[in-house]
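Spelled out, the chains give:
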Amino acid sequence: MHIAEGFLPPAHAVAWGVASAPFVVHGARSLVRDVGEHPESTLLLGASGAFTFVLSALKLPSVTGSCSHPTGTGLGAILFRPPVMAVLGTITLLFQALLLAHGGLTTLGANVFSMAVVGPWAGYGTYRLLRRYDVPLMVAVFFGAFVADLSTYCVTSVQLALAFPDPGSGFPGALGKFGSVFAVTQIPLAVSEGLLTVLVMRMLVQSSKGELTRLGVLVASAAGRRAANPAEAADSAEAVTR
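Just so it is clear, the structure is predicted and the values come from calculations on it, not from any experiment. (Residues numbered from 1 in each chain as written. Predicted model: local features only at pLDDT ≥ 70, side-chain atom pairs only at ≥ 80, totals over all residues. Heavy atoms only, no water.)

Moving on: the packing of helix H2 (residues 42-56) against helix H3 (residues 73-80). Orientation of H2 relative to H3, taken along the N-to-C sense of each, is 155°, at an axis distance of 8 Å. Relative to H3, H2 is oriented roughly antiparallel. For the pair H2 and H3, the crossing hand works out as left-handed. Counting all contacts with H2, which are made through Leu-44, Leu-45, Ser-48, Phe-51 and Thr-52, the residues of H3 involved are Thr-73, Leu-75, Gly-76, Leu-79 and Phe-80. In terms of residue class, the contact of H2 with H3 is made up of 6 nonpolar, 4 polar and no charged. (Axes fitted to C-alpha atoms, helices over the stretch in contact; angles between N-to-C directions. Helix = DSSP H or I, 4+ residues; strand = E, 2+ residues; numbered from the N terminus. Parallel < 35°, antiparallel > 145°, perpendicular 65-115°, else oblique. Left-handed = near helix turned anticlockwise from the far one by under 90°. Contact = heavy atoms within 4.5 Å. Nonpolar A, V, L, I, M, F, W, Y, C, P; charged D, E, K, R; others polar.)

Below, the structure written as structure tokens:
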């Protein structure tokens, strides 16, 4: 998915960088505030960033001659909300460009916009919508991660189609071509990422129930809220919408 170094025309590279910058700045402020108020979240925050880094570094060959990979942004968006993921995603993409030759510095803005901005917001929006209608937590987590992954590739297809319109059919034709190249491998990858994210979330529910309750992923039940003992209240937490 990462657009390679120097692949975009300079004007497009600059434009996507400008479009991404406000989200990253806002996310940095949110991150600093959250860490300052709740330093105990640092470990889970780092794990979310590592999850994104590892999954998005897995370049898998496509039958169409391209390559695809998971994004890993859905988990962090659900836990810490999309602004924080704009920062974690940018750091991930920057290190991958410098250390793994995956993506590039000139295309960093475009890659940030697709993977660290649109992906987290789309996934988080899907998650919140499903939870609002009382869809079970793990089902909402699956579809949140699935949409975060797939929407990233949809935006990348748009970015490439804008930069390289088809000589005959223009932008629509190019969008169809780029979209079909990615879709062959990305849909099953998005399903796989959704399942993996559900597995990780199940582990977190077992090991970090108190932290998930504070983050709003889990909320104490009525019985738990009435309990005088805070530990007892945490033990009675159940999955509800944020």
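This is not the end of the story, as more comes after the structure.
Here helix H7 (residues 170-207) contains 38 residues, and its C-alpha end-to-end distance of 52 Å stays within 8% of the 56 Å for a straight helix at 1.5 Å per residue. The sharpest bend along H7 comes to roughly 45°, located at Ala-183. (Expected span 1.5 Å × (residues − 1). Bend = angle between axes of the 7 residues up to and from the residue.)

This brings us to the pattern of salt bridges. Two side chains bearing opposite charge may form a pair once their charged atoms approach each other closely. Going through the model one piece at a time under the given rule, you end up with 3 salt bridges. The closest approach of N and O atoms between Asp-166 and Lys-177, which form a salt bridge, is 2.4 Å. Placement of Asp-166 in the loop between helix H6 (137-163) and H7 and of Lys-177 in helix H7 is noted, with a sequence separation of 11 residues between them. Residue class for Asp-166 comes out buried when judged on its relative accessible area of 16%. (Salt bridge = Lys/Arg side-chain N within 4 Å of Asp/Glu carboxyl O. Buried < 20%, exposed > 50% of the residue type's maximum accessible area, 1.4 Å probe, protein only.)

Another aspect to go through is the confidence of the model for the chain. Confidence along the chain averages 87 in pLDDT terms, with 87% of residues attaining 70 or more. This stretch, residues 221-242, has a pLDDT under 50; its non-local contacts, to residues over four places away or in other chains, come to 43 contacts. (pLDDT = per-residue confidence, 0-100.)

Turning our eyes to something else, we now look at the nonpolar core. Counting 29 residues, the largest nonpolar core has Leu-79, Tyr-127, Leu-137, Met-201, Leu-212 and Val-217 as the members making the most contacts within it. Counting residues in each nonpolar core, the second largest holds 16 residues, with Leu-108, Ala-116, Leu-160 and Ala-163 among its members. (Core = buried A, V, L, I, M, F, W, Y, C linked by side-chain atoms within 4.5 Å.)

Before going further, it helps to spend a moment on the packing of aromatic side chains. Taken as a whole, this structure holds 7 aromatic pairs when the rule is applied. For the pair Trp-16 and Phe-113, a centre-to-centre distance of 5.1 Å together with 45° between the ring planes defines the contact as tilted. Pair noted here: Trp-16 is in helix H1 (residues 10-37) and Phe-113 is in helix H5 (residues 108-132), with a separation of 97 residues, a long-range link. The exposure class assigned to Trp-16 is buried, which follows from its relative accessible area of 15%. Judged by its relative accessible area of 17%, Phe-113 falls in the buried class. Grouping aromatic residues by their ring pairs yields a cluster made of Trp-16, Phe-23 and Phe-113. (Phe/Tyr/Trp six-rings, centres within 6.5 Å; stacked < 30°, edge-to-face > 60°.)

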